[in-house]
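Notes for the structure review
This is what each chain is made of:
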Amino acid sequence: MAASVGFLYPGFSAEDDYPVIERILGDVRLPVVHTLMREDAHRVDALLDVGGADVLAEGARTLRELEVAAAVWACTSGSFVFGWDGAADQVAGVREAAGAPASSTSFAFVNAARHLGLRRVAVAATYPADVAGRFVAFLGAAGIEVVALTSRGIITAAEVGTLGRADVLDFVAANDHPEAEGVLVPDTALHTVAWLDDLEARLGKPVLTANQVSVWEGLRLAAASGDGAASALRPRAGLGTLFATGPAGDSWDHAAVPVPGARHRTL
């Protein structure tokens, strides 16, 4: 039986990345539950509402009914905007409502970077600068240094979802940095999955994107809990360096990266 990992996805923009990954992997199910987005805006107040406990609990209860092996809140800005501890509380709520191991895209970026040994990264963010700065702070709490940050300043997820292959490749490539060991592209509203190999070929280094790391994180959690997802994490072509390496190293431990002074919990 194929492993099933469920995703809570705010609104509608690039959710079609998930069936693309499902087809490439072939032996997993990746159901997506759309959560309420009262206002489509990359603005702190709106993002705090998008990632609110009531909104996520409702979607997570649907994932419980689907009997998923793991659940992921597939929204980067709607998780890191709460800060490290707030994002951890958010994940705990999803875990309780879904009845399954849980994480979010923000923690997925941390664990994926850790898995690949990336300590210095560039960030190519679609968000406005104030929101993107919160992602930098979140990464910093995990010991990941951002050597370059670019903010495209797009307000709505709907607009981000309209960007095509040429726009995405040019945007990410233009915002690389010679000192960066990899480039992080945080927005699950951005289509990237079909172009991961193109991105890495152009930059010559690992590129981590939001929907890619969300799926990897969910499979990692499901495999760690013994629910049959380990085979889906064997080295695969077509989904970038992250999936090409297979499970290994410290990231296979499904605990959050310890942060001095922060409340440490399993995610």
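All values derive from a computational prediction rather than experimental measurement. Sequence positions are assigned chain by chain, starting from 1 and proceeding in written order. It should be noted that, the model being predicted, local features are given only for residues of pLDDT at least 70 and side-chain atom pairs only at 80 or more, the latter also being counted only at that level, while totals for whole chains, interfaces and linings use all residues. Remark: hydrogens and water are excluded; side-chain values derive from all non-hydrogen atoms of the structure.

For Phe, Tyr and Trp, rings pair up if their centres lie within 6.5 Å, where Trp contributes its six-membered ring, and each pair is then called stacked (planes under 30 degrees apart), edge-to-face (over 60) or tilted (otherwise). Using the criterion set out here, one finds 8 aromatic pairs in the structure. Relative to Tyr18, the ring of Tyr9 has its centre 6.1 Å away and its plane inclined at 80°; by these criteria the two rings are edge-to-face. Each member of the pair, Tyr9 together with Tyr18, is buried. Here the aromatic residues Phe80, Phe109, Tyr127 and Phe135 are joined through ring pairs into a cluster of three or more. Burial classes follow relative accessibility: with a 1.4 Å probe on protein chains only, a residue under 20% of its type's maximum area counts as buried, one over 50% as exposed, and anything between as partly exposed.

For an α-helix, 3.6 residues make a turn, and residues three or four places apart therefore share a direction. Every helix listed is a DSSP run of H or I at least four residues long, and every strand listed is a run of E at least two residues long, numbered separately from the N terminus. Within helix H9 (residues 165-174) the residues assigned to the buried category are Val168, Leu169, Phe171 and Val172. Each buried residue of H9 lies within a common arc of 165° when the element is viewed along its axis, so the set occupies one face. Note on contacts: a residue pair qualifies if any of its non-hydrogen atoms lie within 4.5 Å across the two residues. Tucked inside the fold, the buried residues of H9 contact strand E6 (120-125), strand E7 (145-151), strand E8 (182-185), helix H10 (196-203) and strand E9 (207-209). Along the arc lie the directions from the helix axis toward the C-beta atoms.

With that out of the way, let us pick up the sheet that holds E7. Between any two strands, pairing holds if DSSP finds at least two bridges. A sheet is described by the order of its strands in space; here 4 strands give the open sequence E7-E6-E8-E9, paired in parallel fashion. Strands at the two margins of the open sheet, each flanked by one partner only, are E7 and E9. Pairs of neighbouring strands in the sheet enclose a mean axial angle of 20°, with direction left out of account. Of the strand pairs in this sheet, E6 and E8 are connected by 3 bridges, and their pairing is parallel. Within the sheet, the bridge partner assigned to Val123 lies in E8 and is Leu184. Note on method: axes are straight lines fitted to C-alpha atoms, helices fitted across the in-contact stretch only, with angles between N-to-C directions ranging 0 to 180 degrees. With respect to the sheet, helix H6 (residues 105-116) is in contact with E8 and E9, its orientation differing from that of E9 by roughly 160°.

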